[in-house]
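# Observations on the three-dimensional arrangement
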Amino acid sequence: MNDADDTGSARANGWRRGRRGAERWPGGTAPDGVPLIELQAIHKWFGPLHVLQGIDLVCERGDVVAIIGPSGSGKSTLLRCMNLLELPASGTVLFKGREISDVRVNLNHVRAHIGIVFQAYNLFPHRTALDNITLALRQVLKLSAAEARERALTGLRHVGLSDKVDAYPGRMSGGQQQRVAIARALAMQPDVILFDEVTSALDPELVGEVLEVMRALARENRTMVVVTHEMSFAREVASRLVFMDEGAVIEEGDPRTLLSNPKSERLKRFLADVL
């Protein structure tokens, strides 16, 4: 294929070339047979600690991938490598078949398509729920104030918080704040949403309301990758389960099968502890 054909193909798939030929905008849909996200041989060190040890992982459109494992197994680091909040030391991150771990790629454009919801909400305490959502819409997507407001209101309705438009985080429960954070991610209209242990900081009675929102998103065929300690959620909602320990994927497959009949001794011990 010559350079002109290659450029035309890239544009057809929604990619526009920036300086030095780097693909900088992963819009459009992935070509047939190409995963939405693919991690190839991902390694990550924090000093001498080898946190991720050659991870391979694929996420197809419509997947709900649940990642489980003991604390310190590398789950959250792996998740953050998917949208390059953590940069792998080696390996390749592909989004819609294109390498986004290339240093020339504009990461702000990429992250507009790969949303993430954190354990700690990360809401601005001096901004209302509406303002927390519209901020990125106006600054990153460059939407008008009216367009941003409409998307934000739609997002708040989606998570059952239409009555909290003008509420500040300090006047909301932890579960409500987390639902605002989910609405903020939804408003960006990403291709996939990453959830990083989003119920771990919540009081037990508030966990259910957040998980119900996530169940509803799964029923809508949203693509999600979820780091979680909620085994019932993983069993009921996930289309694929990944068990990690000491920076490696130990088992991967159907959630019901793995949770009912684990093959590895390590997963058996983990389930005995958490269940």
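Coordinates for the structure precede this section.
The paragraphs below set out a description of the structure included in this document. None of the values given here were measured: they were computed from a predicted structure.

Our next topic: the overall build of the protein chain. Helices and strands together make up the secondary structure of the protein chain, namely ten helices and ten strands. Within the protein chain, contacts between residues separated by at least 24 positions form 64% of all contacts whose residues are at least 6 apart in sequence. Approximately 12,900 Å² of the protein chain is accessible, and the part contributed by carbon and sulfur atoms is 47%.

With that settled, consider the pattern of salt bridges. Per the counting criterion, the structure on display carries 15 salt bridges. We note a salt bridge from R80 to E86, for which the minimum N-O separation is 3.9 Å. Its salt-bridge partner being R266, residue D245 comes within 2.8 Å of it at the nearest N-O pair. Taken together, the positions of D245 in strand β9 (residues 240-245) and R266 in helix α10 (residues 265-274) put the pair 21 residues apart, joining distant regions of the chain. Take D245: its relative accessible area is 13%, and that puts it in the buried class. According to the relative accessible area criterion, R266 is partly exposed, its value standing at 22%.

Let us now look at the layout of surface pockets. A volume near 540 Å³ is recorded for the largest pocket. Along its surface, the largest pocket is lined by 20 residues, and R111, I116, A136, V140 and M188 are the ones closest to its centre. Going through the elements one at a time, α3 (107-111), β6 (114-117), α4 (129-139) and α6 (174-187) are the ones with two or more residues in the lining of the largest pocket. Split into classes, the residues belonging to the lining of the largest pocket amount to twelve nonpolar, six polar and two charged.

This next bit is on empty space enclosed by the protein. Over the atoms rolls a probe the size of a water molecule, and its path tells where empty space is left. In total, this model carries one cavity of 30 Å³ or more according to the counting rule given. Space inside the largest cavity adds up to approximately 40 Å³. Along its surface, the largest cavity is lined by E197, V198, T199, L211, M214, V226, V227, T228, E230 and F233. Counting residues per element, the ones that place at least two in the lining of the largest cavity are α7 (204-219) and β8 (224-227). Classifying every residue of the lining of the largest cavity by side-chain character gives six nonpolar, two polar and two charged.

Take T228: it is sitting in the loop between β8 and α8 (231-237). A polar side-chain atom of T228 sits 2.9 Å from the main-chain amide nitrogen of E230. Excluding residues within four positions of it along the chain, T228 makes contact with A66, I67 and I68.

Before going further, it helps to examine the packing of α6 against α7. One way to put it is that α6 packs onto α7 with a least axis distance of 8 Å and a crossing angle of 20°. In this view, α6 runs roughly parallel relative to α7, as classed from their interaxial angle. When you trace α6 past α7, the crossing you get is right-handed. From α6, G174, G175, Q176, Q178, R179, I182 and L186 reach across to α7, where they touch L206, E209, V210, V213, M214 and L217. The residue makeup of the contact of α6 with α7, split by class, is seven nonpolar, four polar and two charged.

This brings us to the packing of aromatic side chains. Applying the stated criterion across every chain, the model contains one aromatic pair. For the pair F243 and F270, a centre-to-centre distance of 5.3 Å together with 40° between the ring planes defines the contact as tilted. With F243 in strand β9 and F270 in helix α10, the pair connects residues that are 27 residues apart, well separated along the chain. Residue F270 is classed as buried on the basis of its relative accessible area, which comes to 6%.

Time to look at the nonpolar core. I182, F195 and M214 are the most contacted members of the largest nonpolar core, which totals 55 residues. Sorting elements by how many residues they give to this core places α7 first, with eight residues. If we ignore the near neighbours within four places in the chain, the residues touching M214 are I182, F195, V198, M224, V226 and F233. I67, C81, I114 and M244 belong to the second largest nonpolar core, which has 30 residues in total.

A few words now on the sheet that holds strand β2 (residues 49-59). Ordered by their spatial adjacency, four strands build an open sheet running β2-β1-β4-β5, and the pairing between neighbours is antiparallel. Among the strands making up the open sheet, the edge pair consists of β2 and β5 (98-99). Sheet topology places strand β1 (residues 37-46) next to strand β4 (residues 90-95); five bridges connect them, and they run antiparallel. What sits directly across from Q40, in β4, is T92.

What counts, and where the lines are drawn
- Residues numbered from 1 in each chain as written.
- Predicted model: local features only at pLDDT ≥ 70, side-chain atom pairs only at ≥ 80, totals over all residues.
- Heavy atoms only, no water.
- Helix = DSSP H or I, 4+ residues; strand = E, 2+ residues; numbered from the N terminus.
- Contact = heavy atoms within 4.5 Å.
- Areas by Shrake-Rupley, 256 points an atom, 1.4 Å probe, with all protein chains shown as cover.
- Salt bridge = Lys/Arg side-chain N within 4 Å of Asp/Glu carboxyl O.
- Buried < 20%, exposed > 50% of the residue type's maximum accessible area, 1.4 Å probe, protein only.
- 1 Å grid on protein atoms, 1.4 Å probe; cavity = no way out; pocket = protein on both sides within 12 Å on 5 of 7 lines; lining within 4 Å.
- Points joined across faces, edges and corners; volume = space filled by probe spheres on them.
- Nonpolar A, V, L, I, M, F, W, Y, C, P; charged D, E, K, R; others polar.
- Polar contact = N/O pair within 3.5 Å; in protein donor to acceptor, adjacent residues only side chain to side chain.
- Axes fitted to C-alpha atoms, helices over the stretch in contact; angles between N-to-C directions.
- Parallel < 35°, antiparallel > 145°, perpendicular 65-115°, else oblique.
- Left-handed = near helix turned anticlockwise from the far one by under 90°.
- Phe/Tyr/Trp six-rings, centres within 6.5 Å; stacked < 30°, edge-to-face > 60°.
- Core = buried A, V, L, I, M, F, W, Y, C linked by side-chain atoms within 4.5 Å.
- Pairing = 2+ DSSP bridges.

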